[in-house]
Amino acid sequence: MYEELKKTRAHSQLPSCLADGVRFSCTDCGLCCSGAPGKVRVSEEEIREISEYRNQSETDFRSSETRVVKGEVLLKEKENGDCVFFVNNRCQIHEVKPRQCRTYPFWFQNVRNDRAWQKTCKECPGIGQGKWYSPEEIVEVVMDELNS
Ligand code: SF4
């Protein structure tokens, strides 16, 4: 599916449970920002935006808030696995958060089949309510994340 989706951008590649679209609006519950360790990638452009938003030099931002793993620049995490910017149950950089955060839950790994999407539905209470996403819009978001 991965190659086909990248090549065709066809929403027919989505699993059947997403074939008619889905509602999703983030409730700011913070579940995807906390808990088990993960990997939040930040691009050069995002590093510029976030450090500017925080009135911090890029050099300071890189050394205090990011780590490099196998060549990828990632946001640091706290010891409990929470994102370093998840403070008082809130994202401290919500307005400029990385594309990877903005595109959740429509990540390829979550939409690759019905089972993966059903698992994601259990993890994200924002799914099933709010803004309607057509299959075409879902594919656009998936592609956005894949290209990040
Ligand atoms: S788990 Fe879903 S509803 Fe909760 S913060 Fe993440 S995207 Fe929003």
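Quick caveat: nothing in here was measured; it's all calculated off a predicted structure.

**Considering the site of the ligand**
Thinking step 1. The environment of the ligand is made up of Phe24, Cys26, Thr27, Asp28, Cys29, Gly30, Leu31, Cys32, Tyr104, Glu123, Cys124 and Gly126.
Thinking step 2. In terms of residue class, the shell around the ligand is made up of seven nonpolar, three polar and two charged.

**Concerning the side chain of Gln56**
Thinking step 1. Relative to the helices and strands, Gln56 resides in the loop between α2 (44–53) and α3 (58–65).
Thinking step 2. A polar contact of 2.9 Å, which involves the side chain of Gln56, links it to the side chain of Arg54.
Thinking step 3. Engagement of the side chain of Gln56 in a polar contact is seen with the side chain of Ser64, the distance being 3.3 Å.
Thinking step 4. Apart from the residues within four sequence positions on either side, Gln56 is in contact with Ser51, Phe61, Ser64 and Glu65.

**Topic: the pairing of strand β2 (residues 66–69)**
Thinking step 1. Pairing of β2 with strand β3 (residues 72–75), which is carried by four bridges, proceeds in the antiparallel orientation. The partner of Thr66 across the bridge, within β3, is Leu75.
Thinking step 2. Linking two consecutive strands that pair antiparallel, namely β2 and β3, is a turn of two residues; a positive phi of about 50° is found at Lys70 within it.

**Considering the environment of Ala19**
Thinking step 1. Within the secondary structure, Ala19 is located in the loop between α1 (2–8) and β1 (22–24).
Thinking step 2. Using a relative accessible area of 42% as the deciding quantity, one classes Ala19 as partly exposed.
Thinking step 3. In sequence terms Ala19 and Pro135 are 116 residues apart; their C-alpha atoms lie 6.1 Å from each other.

**A word on the pattern of salt bridges**
Thinking step 1. With the rule as written, the count across this model stands at nine salt bridges.
Thinking step 2. Linking Glu65 and Arg54 is a salt bridge whose minimum nitrogen-to-oxygen distance equals 2.9 Å. Here the residue Glu65 occupies a position in helix α3, and Arg54 occupies one in the loop between α2 and α3, the gap between them amounting to 11 residues.
Thinking step 3. Under the relative-accessibility criterion, Glu65 is labelled buried at 11%.
Thinking step 4. When the shortest N-O distance is used, the salt bridge between Glu123 and Lys119 registers 3.0 Å. Taken together, the positions of Glu123 and Lys119, both in helix α6 (residues 114–123) and four residues apart, correspond to about one turn of that helix.
Thinking step 5. With a relative accessible area of 52%, Lys119 lands in the exposed category.
Thinking step 6. Because the salt bridges share partners, they merge into one network encompassing Glu44, Glu58 and Arg62.

**Description of the environment of Glu58**
Thinking step 1. If you trace the backbone, Glu58 turns up in helix α3.
Thinking step 2. Residue classification places Glu58 among the partly exposed positions, given a relative accessible area of 32%.
Thinking step 3. Sequence separation of Glu58 and Glu44 is 14 residues, and the distance between their C-alpha atoms is 9.7 Å.
Thinking step 4. Glu58 has contacts with Ile47, Arg48 and Ser51, leaving out every residue within four places of it along the chain.

What counts as what
- Residues numbered from 1 in each chain as written.
- Predicted model: local features only at pLDDT ≥ 70, side-chain atom pairs only at ≥ 80, totals over all residues.
- Heavy atoms only, no water.
- Near = heavy atom within 4 Å.
- Nonpolar A, V, L, I, M, F, W, Y, C, P; charged D, E, K, R; others polar.
- Helix = DSSP H or I, 4+ residues; strand = E, 2+ residues; numbered from the N terminus.
- Polar contact = N/O pair within 3.5 Å; in protein donor to acceptor, adjacent residues only side chain to side chain.
- Contact = heavy atoms within 4.5 Å.
- Pairing = 2+ DSSP bridges.
- Buried < 20%, exposed > 50% of the residue type's maximum accessible area, 1.4 Å probe, protein only.
- Salt bridge = Lys/Arg side-chain N within 4 Å of Asp/Glu carboxyl O.

By themselves, these observations are geometric and do not establish any function.
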